[in-house]
Amino acid sequence: MRSSALLAAALLALVALLPLSGDAYWLRLGTTMLMYGVLAMSWNFIGGMAGYPSFASAAFFGLGAYAGAVAQKFGVPMGLAWVCAGGAALAFAALLGLALLRLRGHYFAIASLVVAEVLRELVNSATDLTGGGMGLNLPVPHDATVASQAQFFFYSMLGLAAITFTAMLLTTHSKLGFGLRCIQQNEAAADMLGVNTTLYKVAAFMLSGAFAGAAGALYASWVHYIEPPDVFDVLYSIKAIVMVLLGGAGSVFGPLFGAAIFLSLEELVWRNYLQVHTGVLGLMIVLLVLFLPKGVFARAVPRTRKKP
Amino acid sequence: MLSLQIFANGLVLGGLYACIAAGFSLVWGVLNIINILHGSFIVLGGYLAYYAYAKLGIHPFLSILIAAPLFFALGYALQRALINRMIAAPVLLTLSLTFGLDLMLSNGMLFAFTADFKKLTLDPPLGVLSLSGIVLPVDRLFAMLLALGLTGLLYLVLSRSRIGRAIVAVRMDREAAALMGVNVKRIYAVTFGVGALMAGASGPLLAMIFPISPLSGPAYLGKAFVICVLGGLGSVPGAMIGGLALGVVESFGGLWFGPEHAVTLSFTLLILMLLFRPTGLLGRAGYS
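The rules we used
- Residues numbered from 1 in each chain as written.
- Chains lettered and ligands numbered in written order.
- Predicted model: local features only at pLDDT ≥ 70, side-chain atom pairs only at ≥ 80, totals over all residues.
- Helix = DSSP H or I, 4+ residues; strand = E, 2+ residues; numbered from the N terminus.
- Rg over C-alpha atoms; globule rule 2.2 N^0.38 Å.
- Buried ≥ 20, exposed ≤ 12 C-beta atoms within 10 Å, placed from the backbone.
- Contact = placed C-beta atoms within 7 Å.
- Nonpolar A, V, L, I, M, F, W, Y, C, P; charged D, E, K, R; others polar.
- Pairing = 2+ DSSP bridges.
- Core = buried A, V, L, I, M, F, W, Y, C linked by C-beta atoms within 7 Å.
- Axes fitted to C-alpha atoms, helices over the stretch in contact; angles between N-to-C directions.
- Parallel < 35°, antiparallel > 145°, perpendicular 65-115°, else oblique.
- Left-handed = near helix turned anticlockwise from the far one by under 90°.
- pLDDT = per-residue confidence, 0-100.
- Expected span 1.5 Å × (residues − 1).
- Arc of directions from axis to C-beta.

*Asks:* I'd like a rundown of the overall build of chain B, residues and numbers included.
*Replies:* In terms of helices and strands, chain B carries 11 helices and 2 strands. In sequence order, chain B lays out its α and β elements as α-α-α-α-β-β-α-α-α-α-α-α-α. For a compact globule of 288 residues, the expected C-alpha radius of gyration is about 19 Å, and chain B comes in at 18 Å, within 12% of that figure. Principal axes of the C-alpha set define a box for chain B whose edges measure 60 × 45 × 35 Å. By residue count, 52% of the 288 residues in chain B fall in the buried class. Relative to all contacts within chain B whose residues are 6 or more apart in sequence, the contacts with residues 24 or more apart total 80%.

*Asks:* Report on the overall build of chain A, specifying residues and quantitative values.
*Replies:* Within chain A, the secondary structure is distributed over 14 helices and 2 strands. On C-alpha atoms alone, chain A measures out to a radius of gyration of 19 Å, which is about the 19 Å that the 2.2 N^0.38 rule sets for 308 residues. Its C-alpha atoms put chain A at 60 × 40 × 40 Å along the principal axes. Within chain A, buried positions represent 49% of all 308 residues. Sequence-distant contacts, at least 24 apart, represent 77% of the contacts inside chain A between residues at least 6 apart.

*Asks:* An account of the interface of chain A and chain B is needed here, citing residue identities and associated values.
*Replies:* Tallying the contact residues gives 33 residues for chain A and 34 residues for chain B. Counted by class, the side of chain A that touches chain B contains 21 nonpolar, 7 polar and 5 charged residues.

*Asks:* Can you break down the pairing of strand β1 (residues 128-131) of chain B residue by residue, with the values?
*Replies:* Residues and elements named next belong to chain B. Where β1 lies against strand β2 (residues 134-137), 4 bridges are found, and the strand directions are antiparallel. Its bridge partner being in β2, S130 is matched across the sheet by V135. Adjacent in sequence and paired antiparallel, β1 and β2 are bridged by 2 residues, among which S132 carries a positive phi angle near 40 degrees.

*Asks:* Explain the nonpolar core residue by residue, including any values.
*Replies:* Residues and elements named next belong to chain A. Core analysis: the largest hydrophobic core is formed by 201 residues, its most contacted members being L39, A89 and A215. Examining the composition of this core, we find that 16 residues originate from one element, helix α10 (residues 197-223), more than from any other. In contact with A89, other than residues within four places in its own chain, are F60, L63, G64, A67, G209, A210, A212 and G213.

*Asks:* Kindly report on the packing of helix α12 (residues 234-247) of chain A against helix α13 (residues 254-272) of chain A, identifying the contributing residues and their values.
*Replies:* Residue and element names in this part refer to chain A. In contact at an axis separation of 7 Å, α12 and α13 are set at 110 degrees when each is read in the N-to-C sense. One way to sum up the angle between α12 and α13 is to call them roughly perpendicular. Taken together, the residues of α13 that come into contact with α12 (itself represented by K239, V242, M243, V244, L246 and G247) are G254, P255, L256, F257, G258, A259, I261 and F262. Within the contact of α12 with α13, the residues separate by chemical class into 10 nonpolar, 3 polar and 1 charged.

*Asks:* Tell me about the packing of helix α1 (residues 2-31) of chain B against helix α5 (residues 138-160) of chain B, and please be specific about residues and values.
*Replies:* Residue and element names in this part refer to chain B. Two elements in contact, α1 and α5, have axes whose closest approach is 8 Å; the angle formed by their N-to-C orientations is 35 degrees. Viewed along their axes, α1 and α5 form a crossing whose handedness is left-handed. Residue-level contacts link V12, G15, L16, A18, C19 and A22 of α1 to R140, L141, A143, M144, A147, L148, L150, T151 and L154 of α5. Looking at the contact of α1 with α5, its residues break down into 12 nonpolar, 2 polar and 1 charged.

*Asks:* Quick one: what's the story with the environment of G232 of chain B, residue by residue and with numbers?
*Replies:* Here G232 of chain B shows up in the loop between α9 (217-231) and α10 (236-257). Along the primary structure G232 of chain B and L62 of chain B are separated by 170 residues, whereas in three dimensions their C-alpha atoms are 31 Å apart.

*Asks:* Which residues make up the environment of M134 of chain A, and what values do they have?
*Replies:* All names here are of chain A. Assignment of secondary structure puts M134 in the loop between α6 (127-130) and β1 (136-137). Exposure remark for M134: the 11 C-beta atoms within 10 Å place this residue in the exposed category. Taking the C-alpha atoms as reference points, M134 and H106, separated by 28 residues in sequence, lie 34 Å from one another.

*Asks:* Would you mind going over the environment of G108 of chain B in detail, with residue names and values included?
*Replies:* All names here are of chain B. Looking at where G108 falls in the secondary structure, it is placed in helix α4 (residues 91-113). By the C-beta count within 10 Å, which is 17 here, G108 ends up partly exposed. Linking G108 and L11, residues 97 residues apart in sequence, is a C-alpha distance of 33 Å.

*Asks:* Explain unusual backbone geometry residue by residue, including any values.
*Replies:* Residue and element names in this part refer to chain A. Within the chain, H224 stands out as a residue other than glycine whose phi angle is a positive 70 degrees. As for its position among the elements, H224 is in the loop between α10 and β2 (225-226). Residue H224 is classed as partly exposed on the basis of its C-beta count, with 13 C-beta atoms lying within 10 Å.

*Asks:* Provide a residue-level description of the confidence of the model for chain B, including the pertinent values.
*Replies:* On average, residues of chain B score 87 in pLDDT, and 98% of them reach the 70 mark or higher. Model confidence for the complex: the whole-complex pTM is 0.87, and ipTM, which rates the interface, is 0.83.

*Asks:* Which residues make up the confidence of the model for chain A, and what are the values?
*Replies:* Averaged over all residues, the pLDDT of chain A equals 87, while 96% of them reach at least 70. Segment residues 299-308 of chain A is flagged for pLDDT under 50; beyond a separation of four residues in sequence, or across chains, it makes 6 contacts in the model.

*Asks:* Talk me through helix α3 (residues 57-73) of chain A; I want residue IDs and the actual numbers.
*Replies:* All names here are of chain A. Given a rise of 1.5 Å per residue, 17 residues ought to cover 24 Å, and the 24 Å separating the end C-alpha atoms of α3 matches this to within 8%. Within α3, 16 of the 17 residues are buried, which leaves it mostly tucked inside the rest of the structure. Looking one or two residues beyond α3, the residue adopting positive phi is G75, at roughly 90 degrees.

*Asks:* How would you summarise α13 of chain A if you had to cite specific residues and measurements?
*Replies:* Residue and element names in this part refer to chain A. With 19 residues, α13 should reach 27 Å at 1.5 Å per residue; the first-to-last C-alpha distance of 27 Å fits that figure. Among the residues making up α13, those that are buried are G254, P255, L256, G258, A259, F262, L263 and E266. The arc enclosing the buried residues of α13, seen along the axis, measures out at 160 degrees, which places them on a common side. Exposed side of α13, more than 90 degrees from the buried face: S264, L268, R271 and N272 are the residues found there. In the core, the buried residues of α13 are packed alongside α2 (24-49), α12 and α14 (277-291).

Here it is in structure tokens:
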């Protein structure tokens, strides 16, 4: 645990130097990478540790974005609004988890996938509060230059990533993390041995929701304008999963490395194939699943053939 | 009178929903794979009907005959080439695989057909049928009858034909079926092909009623999923009952809560069903 923490601190310090390059493009890319890292790490709580195929990241992200934006609309200061957004997503995840986490496999996966659609519909129709399909503008600080704002959001996202990583590291080495790994391996057996599976799963889901929600709120403040199809985009869910798969599920650094690799690939694709970038993203996913299902760091693992 | 009309609308819609869900339910039940591509297959079938009618003047009901073999071949090839390799993998991987394929297909359609809505309008129109105060457009009625006919045909194939019995056998017990000389991999490919065929064939039917857009795939997929949960997974009668039920519920829901809440309504229904009656309305699992 100590070596992981030291390595993470070194990484953090290295990334914190990025604004010194003075290049706005790299700063934007860095902020996006940190946001992706938070999304991947937040998914790791429920997907990597407990092994539940959650597609709810987009729902938490969008909910957090709107919670933060609406809170700021009512005059809550920005930093506090982010905390509120994380709390709102945490509470929502608790309620949702109590219902959905009784399901397993495909049922859980698809039910969690639909949540984002439902929230999008609700946000779309609550025009008074959220602006509906017109979207919502967020306050822009008057006294800040564009460059200093970019730096501010980069460091904020870095802070959130550091908090998320710390939470993940602590969880991994705690009773909760142990219980979640038991649930992943054999939920019925874990239950028999006295692991309170419902409590543990809901706790993992809440952690997942809180950090994804906070990332959504930061994103909303960063881009100053959100609309339902943008923040409730199902691609956020799929990207979080792909990043963790890329880096290796369940490991501590996996999500971060996965996010870095994924963003590099995405940026290359986005720049060169603007018209077909989701298609190329799809191709990447297909190739990843077919050839590297254990992530890029898994070396030639002997193929264990389970009976179909 | 109004509620009778709404009920009739719901049944017409539900017949089409049954056809959407039957193939999805079959693939899920037999292969234990959620085919995210299903929605995009439906949309692609819709485009096929649209262009066949606009360019060649082929009636959409007839274009089903073109769509069926094409989609069967597409599904068969996909399963043989890619999905069979992942059939034993965890849920997350098989889901990601079909998700990736779906991203490719929907992006391809967006590229080829643009995001503009296309509407297939028959010329001359078939008119409306008025039965003691209930008004039904004839094209919708025919589309529903054809959809129910296709679903019934699938039921017959599964219960009567040799290949259908083999599919049912694989669903019931894979090992035993293999021991009885069933080529399981081939049956998987045939099943996926049939699932794609049902999706591709319901495309033209839906195109008669709804505008076609590359972005409506996920909506159809969501409906197919809800219907499977409503009716019970993996049976044709289940898909039929679930489809009709969802059609009626959506029609009345549109009247009471407003049509913009359709997804919320069906999701609420989904959660309630999963929590209180996970085996579905028919209450039994398996193909019979």
